[in-house]
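This is what each chain is made of:
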Amino acid sequence: MRKRKIVRAIIYLCSALLLAGVLSSCSSNQKNSSSSSGDASSSNRKVNLRFSWWGGDDRNQATLDAIKKYTDKYPNVSISGEYTGDMGGYRDKLATQIASGSAPDLIQVDVTWLPGYAQKGDIFADMTKYKDIIDTSSFDQNFINQFSMFDNKLLGLPLGINAVTFMYNSELLKSAGVNITDNWDWDTFITEGKKVHQANSSEYFLNINSQGLFENVWSNYVRQLTGEKLVSDDYVIGFNKQQASQGFALIKRFYDENIVQPAEEATVYDKQIQQNPKWVAQQFGGALNYGSNLTLFKSGLGAAPATANIPVVQGAKNTSIIVRPQSFIVINNKSPEKEESAKFINFLLNDKNSQLALKDTRSVPPTQTARTALEEAKLIDPLSVAIVNQALPKQGLADNNLSTNQQLNDAAVSIIQEIQFGKTTPDQAADQLLSQWKDILRELKDNQQ
Amino acid sequence: MKDDLRALLYLSPWVLGFLVFQFYPLIASLGYSFTNLNLMGTTRFIGFKNYITMFTRDPDFYQSLKVTAVYVLFSVPFKLIFALFVAVLLNMKIRGVNFFRTIYYIPSILGGSVAVSILWRILFAKDGIVNRAIAYLHIPAVDWLGSPNIAIYTLGLIIVWQFGSPMVLFLAGLKQIPSSFYEAALVDGASRPRMFFFITLPMLTPILFFNLIMQMISAFQEFTSAFVVTNGGPMKSTYLYGMKLYSEGFSHFNMGYASALSWVLFIIIFILTIVIFKTSNNWVYYEDGGNM
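Residues numbered from 1 in each chain as written. Chains lettered and ligands numbered in written order. Predicted model: local features only at pLDDT ≥ 70, side-chain atom pairs only at ≥ 80, totals over all residues. Heavy atoms only, no water.

Chain A appears in an unreviewed UniProt entry as Carbohydrate ABC transporter substrate-binding protein from Cohnella zeiphila.

Participant: Please clarify how the domain arrangement of chain A should be interpreted in this entry.
Facilitator: How big an interface is tends to be reported as the loss of accessible area on association of its parts. All names here are of chain A. For chain A, the domain assignment lists domain 1 (41–160 + 326–366) and domain 2 (162–323 + 394–448). Measuring from the centre of the C-alpha atoms in domain 1 to the corresponding centre in domain 2 gives 30 Å. Opposite the 14 residues of domain 1 that make contact, domain 2 presents 10 residues. In total, about 1,000 Å² of surface goes out of reach between domain 1 and domain 2, with carbon and sulfur atoms giving 50% of it. If you look at where domain 1 meets domain 2, you find zero salt bridges. Along the contact surface separating domain 1 from domain 2 lie zero residue pairs in polar contact (both at pLDDT 80 or more). Of all the secondary-structure elements, those providing two or more residues to the side of domain 1 that touches domain 2 are α2 (57–73), α4 (114–119) and α5 (141–147). The element best represented in the side of domain 1 that touches domain 2 is α4, accounting for three residues. Residues belonging to the side of domain 1 that touches domain 2 are distributed by class as follows: three nonpolar, seven polar and four charged. (Domains from an automatic or database assignment. Contact = heavy atoms within 4.5 Å. Buried area = accessible area lost by both parts, 1.4 Å probe. Salt bridge = Lys/Arg side-chain N within 4 Å of Asp/Glu carboxyl O. Polar contact = N/O pair within 3.5 Å; in protein donor to acceptor, adjacent residues only side chain to side chain. Helix = DSSP H or I, 4+ residues; strand = E, 2+ residues; numbered from the N terminus. Nonpolar A, V, L, I, M, F, W, Y, C, P; charged D, E, K, R; others polar.)

Participant: What is the right way to look at the layout of surface pockets in this model?
Facilitator: The gaps left among the atoms become clear once a water-sized probe is rolled over them. Residue and element names in this part refer to chain B. In this structure, the second largest pocket spans a volume of roughly 800 Å³. Looking at the lining of the second largest pocket, the elements that each hand over two or more residues are α3 (59–90), α8 (164–176), α9 (179–187) and α10 (192–220). Ranked by residue count, the leading element in the lining of the second largest pocket is α10, at five residues. (1 Å grid on protein atoms, 1.4 Å probe; cavity = no way out; pocket = protein on both sides within 12 Å on 5 of 7 lines; lining within 4 Å. Points joined across faces, edges and corners; volume = space filled by probe spheres on them.)

Participant: Can you walk me through the sheet that holds strand β3 (residues 106–110) of chain A in this structure?
Facilitator: Note: strands within a sheet are paired through backbone hydrogen bonds, in either parallel or antiparallel orientation. Residue and element names in this part refer to chain A. Spatially, the five strands line up as an open sheet ordered β2-β1-β3-β12-β6, and their pairing is mixed. Across the chains shown, the open sheet's two edge strands, defined by having one partner strand only, are β2 (77–84) and β6 (157–158). Strand direction decides the pairing type here: strand β1 (residues 47–54) and β3, joined by two bridges, are parallel. Across the sheet, the residue bridging to F51 is L106, located in β3. (Pairing = 2+ DSSP bridges.)

Participant: How do you make sense of the interface of chain B and chain A when you look at a structure like this?
Facilitator: Taken together, the contacts link 37 residues of chain B with 40 residues of chain A. Taking both sides of the interface into account, the surface hidden between chain B and chain A amounts to around 3,500 Å²; carbon and sulfur atoms contribute 58%. Taken together, the connections running from chain B to chain A amount to three salt bridges. The shortest N-O distance in the salt bridge between R57 of chain B and D439 of chain A comes to 3.6 Å. At the boundary of chain B with chain A, the tally comes to eight residue pairs in polar contact (both at pLDDT 80 or more). Residue assignment for the side of chain B that touches chain A shows that the elements contributing at least two residues are α1 (2–32), α2 (49–57) and α12 (241–251) of chain B. The element contributing the most residues to the side of chain B that touches chain A is α1 of chain B, with eight residues.

Participant: Hey, could you run me through the packing of α2 of chain B against helix α13 (residues 255–283) of chain B in this one?
Facilitator: Axes are the key here: two packed helices are described by the angle between their axes and the distance separating the axes. Residue and element names in this part refer to chain B. Where α2 meets α13, the closest approach of the two axes is 9 Å, and the angle between their N-to-C directions is 70 degrees. By the criterion of interaxial angle, the relationship of α2 to α13 is roughly perpendicular. For α2 against α13, the interelement crossing comes out right-handed. Between α2, through N50, Y51, T53, M54 and F55, and α13, the contact on the second element is made entirely by G256, Y257, A260, L261, W263 and V264. Looking at the contact of α2 with α13 residue by residue, the classes come out as eight nonpolar, three polar and no charged. (Axes fitted to C-alpha atoms, helices over the stretch in contact; angles between N-to-C directions. Parallel < 35°, antiparallel > 145°, perpendicular 65-115°, else oblique. Left-handed = near helix turned anticlockwise from the far one by under 90°.)

The structure is reproduced here in structure tokens:
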């Protein structure tokens, strides 16, 4: 009897507390939505925005500077920056935030994530609704149409233009007798590259991790052979066993011919290759990476850094040189302050003060006005502009969302690790990859239906 | 009755917290494990498909089980022996022993943090401090974290460093052993090692039992060191079960599958705990016969 009373008391108490919690959250929502109408940046209404991004220290500081310029101009607006250093961690956190409805008002998203989110419905706001607020006239319209428009909705604006490049330490390569041309193929890449280790046994030509070997070597090589996307939009794999195997054989040659540091030594820095002590000590010839990472990698490139396009297979069907937005800024559709967010985006991308603050920390700026402003102020690294200018005329096929799926990526990367450690042959690796990818694609297709 | 109500009122924050943040997620995850819940797609009930996939079509599942088994078998005994060793040292009557007791506990407070994991990475890199130190002894450099055969043991060493909490329990256990036992043994001319193995160790078995269970559970759930120090590599040789769970859930967003994985882990830990409990009758000695 007594026991039952206690149980009943617990139930009453819990439900009362739960109810109280529900009620309080309802009322706070109401407050938000009622106050969102009305113009804040010209009035004194207090506006709080959250803005999240990832990247290196430079980018973080530059973004904070640009935010400060805005909040100095509009003291009633406060913007809290949510910064994550590591892109992978940022991606995981963002997905969870979006699923739980707690994502920030303004979000930096990667170019490969946007199509996936676009497919899921109206997670991000359509910016064409704010065309009176956001001036897009100084963007390259083709570029926007190609990457940012989904079902006639403008879901994001590019924060920078990015291209994969070979960034190198020209002094080191020169002294090792390496000859770099802009029209090279992967064979030349290896025959020239191995001179570095031959000249000095503690130095290597290329600093790369398993992810880079997949994304910037294997994928590019295979796409150059096939002229197709790795996976078509109908979930069909765009290469055959022989082509996959050739790609793995190329990676194997990197290790056999000492183009790269042995896997046992380099794997410890797999997550952040720019932290490899050999990179810091400028004992690497260069790195295959996105131009947007130039600032991150520059310390290892010596006094005379230079860049070249990635190698292209002779007779390639597609150069596979990818020019794409570095990332997008999007507005969370659940934000109670969409209009205010749009105003901030307009400032961030079009205001000269903001452009000068952001510099080239997200690769080459997306607008002509920003590029001119930075060039005049000598604030842009000429090398960043060179990367984009080098790549643009030879631009290749861009990959679709499915080809950059994380599960496919992870499967390929762990197979590549086996090549790195010499535990499998290119042929076995190709079989493994095809069977795993087929499994994953079947699963993905099932889940979409 | 009034007192009961008041007690409940005081308990309610915990009860509520437990129901909302522990009990509900626990039950929900069981439900999710039978769906294809995915943050990017539509959710459907799929019955036992996740469990079937796990056991029939997922080589990473077996790899992570294998790695975790090696990790638990290596790190738990090693950690307990080390904790006991330090506890015996700190039980001696030496000057400033309280100072040392504090110092030796500090690693356990720092242990799980990311910064310390990065420190381990620097220490055990090929050209790291450990290899430089052993170079003085003319031992060739070891790929502590770079070799697929060694990395998991290196991770095991890292966890041994956090011996603080079992050590404190051992220390408390040591204090409980009546000194009359040792005095009697001394009179009979017993040697120190003999006293340790025939008095100290049997008297400590209840603590050892408790530590074994707790450390086993936490070793099965280990995640941070594998994620930060090795990222599961090289070649998935440190791909602990926690890493597998994380990458399914938070990299591939297969939350349904990740829930199923966590329930399998729960069942494994549950069975092993029962096994240890069953065997405990044979090796755990309670002075009062275990009738508490």
